[in-house]
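Remarks on the overall topology
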Amino acid sequence: MEIVALQVLNSLFYAAVLFLIAAGLSLIFGVMGIVNMAHGSFYALGAYITAWSVAAAAGAFAPAALFIFLPLGAIAVALIGLAIEPTLIRPFYRRPEEYQLLVTFGLLLVLDDVIRLVWGGTPLTASRLVDSFGLVQVGGLPYPVYNLLMIGVGIAAAAALWAFVYRTKFGVLLRATAQDRRMAAALGIDVGRIYVLAFGLGCFMAGLAGAIVVPSQAAVLGMGVEVLVIAFVVVVIGGLGSLEGALVGALIVSALRTITIQFWEEFELAALYLIAAIVLLIRPTGLFGRKA
Amino acid sequence: MNRRRAALAAFVLIVLALVPAFAGTYQTQLLTYGLTLAIAALGFNLLLGYTGLLSFGHSAYFGAGAYAVALMMRYWGIASMELFILGGIVFSAALAALFGVVCVRHTRIFFAILTLALSQVLWTLAYKFFWITGGTDGLRVPFSKLTLLGGLVDFPGADAFARFISFYYYYVLVVFCVCVALMWLIVHSPFGKTLQAIRDNETRARFLGVRIWRYRWLAFLVSGIFTGLAGILWVPLNGLTTPDILYWPQSGKIVFFAVLGGFRNFSGPIVGAVIFNYLEVYAIAATEYWQLMLGAILIILVTFLPAGIVGSAARLGERFKRKERASA
């Protein structure tokens with residue numbers, strides 16, 4: 001029975017990470033209509049930047065104080081995103097979707113190799129952060145406090161995002177732009193600014209997901225694409241462009257993944273795609289998707 | 001087909017036929033790789049260029065062809081290339097038919113995501129079921145065990161490699177020509193024209209009474225078969241099939257062929273595949289950061305040269321002709 005409790009916690013931790021990534025992906029799609037193939041690479045960048053800065057600052061800070069490098073990693077990724085949108089992505093809004101997919105695919109290839117160029121092929125770890133928070137007994141079995149904290153961060157991020165999109169003026173502008181870009185522009189909304197901020201916010205969340213994950217796992221090459229494909233499954237199940245969908249999708253996918261890993265490891269990913277395919281057959285726009 | 005185009009095709013064919021006489025074994029081998037990849041690009045472009053569907057999962061069919069050959073050799077002891085082609089086509093057709101049913105219900109982004117996701121399923125299966133597929137070690141398909149033309153030609157002994165390449169080159173060249181001719185017929189047939197009509201305006205095509213879903217599914221099937229055939233021909237050349245060829249970068253490469261050559265063009269993907277093959281071989285030898293270079297090229301291509309090499313060359317040629325006419 002104890003193992004069930006631990007697996008539920010693991011699944012929630014994974015769901016928090018997946019939600020951050022998928023919500024960013026969905027936000028960018030919802031506002032700009034672009035599926036960002038490089039989204040997983042922003043997540044990987046967040047993981048690498050955080051692990052690298054934690055290792056660099058390890059001597060100067062108390063272990064628990066290294067915690068502040070998590071948001072810093074996310075902010076660094078957001079800044080990169082803010083630089084990329086106007087230069088690379090903006091010329092493609094008026095072009096067919098194939099080209100939008102291709103340019104972000106090119107970005108994926110570049111970013112993945114830049115990571116290899118800067119940090120090399122050896123995995124980076126930041127496990128001292130997990131260690132510094134110690135363990136807690138969950139039903140008689142030890143569990144890292146860090147993971148519990150990060151589940152909290154995931155919930156807080158979901159709440160903050162919801163409040164931001166539905167309860168602030170910027171959120172209103174964002175939703176207006178997402179619904180009808182030309183009408184929003186005609187009403188005097190600076191659409192270009194909304195786009196760049198939405199892209200930056202999406203990148204921030206991907207970077208935050210990477211920053212959260214890296215202390216408990218490690219930053220390795222290829223982590224970006226692996227998570228991108230799973231994030232696709234999440235948004236396909238939840239509905240591309242919907243934040244509620246990203247949340248529900250992340251919970252479903254992480255629960256399913258935990259169950260299959262426990263009982264039927266070979267079919268771990270196959271089961272996920274199967275569920276995604278079934279959802280698409282029954283509800284083509286996903287559980288929470290709007291009609292395109 | 002107009003006369004100039006036919007003359008150009010005949011010229012290219014003659015040059016291709018003469019290559020082994022002038023080039024060494026290594027260069028011939030490289031070109032053989034290029035031709036097999038060109039078949040995959042040809043199949044892929046029936047979807048992207050003519051049907052308007054961007055598949056990010058064509059590694060599935062390429063890998064299905066390759067794995068079908070390797071599994072037939074390992075478990076049934078088959079050695080005949082013709083049987084491999086037959087069995088491999090049946091396998092990749094079955095797979096494309098199945099995946100197609102799911103994928104063609106969607107277009108645009110969802111189509112791309114679905115094709116990618118399904119190809120990743122195949123990759124994980126090949127990777128996890130190592131007792132059947134050999135896992136990351138893959139399955140070997142040594143050329144020395146292969147027989148061509150119904151058992152008439154074989155290559156016993158490991159030193160027969162040069163003889164294998166010079167013979168296999170022509171084998172692939174013949175299949176390649178058949179594929180090009182077939183695809184030419186397909187895209188210029190009423191079926192191909194209907195696909196292009198669907199691509200350009202789905203709503204109008206629907207009002208004309210076209211069963212869009214069925215046409216897209218057929219295009220998906222044909223595309224999968226061509227790409228599967230490319231995988232079948234590729235595997236004896238490579239001597240080994242690993243899960244890598246089912247993994248997403250392989251799909252990315254196939255997309256790259258079409259974009260590099262130009263996908264609004266019949267010959268674009270063919271040229272793109274052959275050039276890409278050389279680019280890959282020489283760039284990997286020159287730099288460790290080949291993927292970075294590839295990504296940069298892709299971004300530059302889609303930003304500044306969306307018509308690709310062949311499309312841009314054709315446009316340049318037309319402008320040149322117009323100028324000539326103006327000055328005459």
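Residues numbered from 1 in each chain as written. Chains lettered and ligands numbered in written order. Predicted model: local features only at pLDDT ≥ 70, side-chain atom pairs only at ≥ 80, totals over all residues.

Things to note about the overall build of chain B
Cut-off, in case you're wondering: Numbering goes from the N terminus for both helices and strands, where a helix is a DSSP run of H or I of at least four residues and a strand is a run of E of at least two. In this treatment the radius of gyration is a C-alpha quantity, and the globule benchmark scales as 2.2 Å times the residue count to the 0.38 power. Partly exposed residues are those whose C-beta has more than 12 but fewer than 20 other C-beta atoms within 10 Å; 20 or more makes a residue buried and 12 or fewer makes it exposed, with C-beta atoms placed from the backbone. Note on contacts: each residue gets a C-beta atom placed from the backbone, and two residues are in contact if those atoms are within 7 Å.
Looking only at helices and strands, one finds 14 helices and 4 strands in chain B. Against the globule reference of 20 Å for 328 residues, chain B gives a C-alpha radius of gyration of 20 Å, in line with a compact fold. Overall, the C-alpha framework of chain B stretches about 65 × 45 × 40 Å when taken along its three principal axes. Residues classed as buried in chain B amount to 48% of the 328 residues present. Taking all contacts inside chain B whose residues are at least 6 apart in sequence as the whole, residues at least 24 apart take part in 76%.

Looking at the overall build of chain A
The secondary structure content of chain A amounts to 12 helices and 2 strands. Put simply, chain A runs from its N terminus to its C terminus through helices and strands in the order α-α-α-α-α-β-β-α-α-α-α-α-α-α. In terms of C-alpha radius of gyration, chain A reaches 19 Å, essentially the compact-globule figure of 19 Å for 292 residues. Projected onto its principal axes, the C-alpha positions of chain A cover 60 × 45 × 35 Å. Relative to its full complement of 292 residues, chain A shows a buried share of 50%. Put simply, of all contacts in chain A between residues at least 6 apart along the chain, 76% involve residues at least 24 apart.

Notes on the pairing of strand E2 (residues 141-144) of chain A
All names here are of chain A. Definition in use: Pairing between two strands is assigned when DSSP locates at least 2 bridges connecting them.
For strand E1 (residues 135-138) and E2, the ladder comprises 4 bridges, and the chain directions are antiparallel. Its bridge partner lying in E2, Leu135 is registered against Pro144. Counted along the chain from E1 to the antiparallel partner E2, the turn is 2 residues long, and its residue Gly139 has a positive phi close to 55 degrees.

Side note on the interface of chain B and chain A
Just so we agree on the cut-off: By the convention adopted, Pro, Cys, Tyr, Trp, Phe, Met, Ile, Leu, Val and Ala count as nonpolar, Lys, Arg, Asp and Glu as charged, and the other residues, Gly among them, as polar.
Each side of the interface is counted separately: chain B has 32 residues, and chain A has 32 residues. At the level of elements, helix H5 (108-128), helix H11 (248-261) and helix H13 (290-304) of chain B are the ones that each hand at least two residues to the side of chain B that touches chain A. With 13 residues, the top contributor of residues to the side of chain B that touches chain A is H5(B). Here the residues of the side of chain B that touches chain A sort into 22 nonpolar, 7 polar and 3 charged.

Thoughts on the packing of H11(B) against helix H12 (residues 268-286) of chain B
All names here are of chain B. Let me state the cut-off plainly: Axis angles are defined between N-to-C directions and span 0 to 180 degrees, where every axis is a line fitted to C-alpha atoms and, for a helix, only to the segment in contact. Each crossing gets its handedness from the near helix: less than a right angle anticlockwise from the far helix is left-handed, clockwise is right-handed.
Contact pair H11 / H12: the axes reach a minimum separation of 7 Å and the direction vectors enclose 115 degrees. Classified by chirality, the crossing of H12 by H11 is right-handed. Packed against H11, whose contacting residues are Lys253, Phe256, Phe257, Ala258, Leu260 and Gly261, the element H12 presents Gly268, Pro269, Ile270, Val271, Gly272, Ala273, Ile275 and Phe276 at the interface. Of the residues belonging to the contact of H11 with H12, the class tally is 10 nonpolar, 3 polar and 1 charged.

Here we look at the environment of Ser223(B)
Residues and elements named next belong to chain B. If you trace the backbone, Ser223 turns up in helix H10 (residues 212-238). Classification of Ser223 as buried rests on a count of 27 C-beta atoms within 10 Å. What Ser223 contacts, discounting residues up to four positions off in sequence, is Gly43, Phe44, Leu46 and Leu47.

Notes on the confidence of the model for chain B
Selection rule: The predictor's confidence in any single residue is recorded as pLDDT, a number from 0 to 100.
For chain B, per-residue confidence averages 87 on the pLDDT scale, and 99% of positions sit at 70 or higher. As scored by the predictor, the complex reaches a pTM of 0.86 and an ipTM of 0.85.

Describing helix H2 (residues 25-51) of chain B
Note that an α-helix has 3.6 residues per turn; residues three or four places apart therefore point the same way. Residues and elements named next belong to chain B. The condition is simple: Given the number of residues in a helix, its expected span is that number minus one, multiplied by 1.5 Å. Bend, in this description, refers to the angle at a residue between axes fitted to the seven residues ending there and the seven starting there.
Spanning 27 residues, H2 covers 38 Å between terminal C-alpha atoms, matching the ideal 39 Å at 1.5 Å per step. Taken as a whole, H2 carries its principal kink of about 40 degrees at Asn45. For H2, the buried fraction is high: 22 of the 27 residues fall into the buried class.

Thoughts on the environment of Glu318(B)
Residue and element names in this part refer to chain B. For Glu318, the location among the structural elements is in helix H14 (residues 308-327). Judged by local crowding, Glu318 falls into the exposed class, with 10 C-beta atoms found within 10 Å. When the C-alpha positions of Glu318 and Arg199 are compared, they lie 25 Å apart, and in sequence the two are 119 residues distant.

Digging into the packing of helix H12 (residues 268-282) of chain A against H5(B)
In plain terms, the rule: For classification, angles of less than 35 degrees are called roughly parallel, those exceeding 145 degrees roughly antiparallel, those between 65 and 115 degrees roughly perpendicular, and all remaining angles oblique.
Look at H12(A) against H5(B): their axes get within 9 Å of each other, and the N-to-C directions meet at 155 degrees. As summarised for this structure, H12(A) and H5(B) are arranged roughly antiparallel, according to the angle between their axes. Handedness of the H12(A)/H5(B) crossing: left-handed. Each of Leu269(A), Ala270(A), Tyr273(A), Ala276(A) and Leu280(A) in H12(A) lies in contact with H5(B), whose residues at this interface are Leu114(B), Ala117(B), Leu118(B), Gln120(B), Val121(B), Thr124(B) and Leu125(B).

Observations regarding the confidence of the model for chain A
When pLDDT is averaged across chain A, the result is 87; 99% of the residues are at 70 or more. Put simply, H12(A) is where chain A has its lowest mean pLDDT, 79, and helix H9 (residues 191-216) of chain A is where it has its highest, 92.

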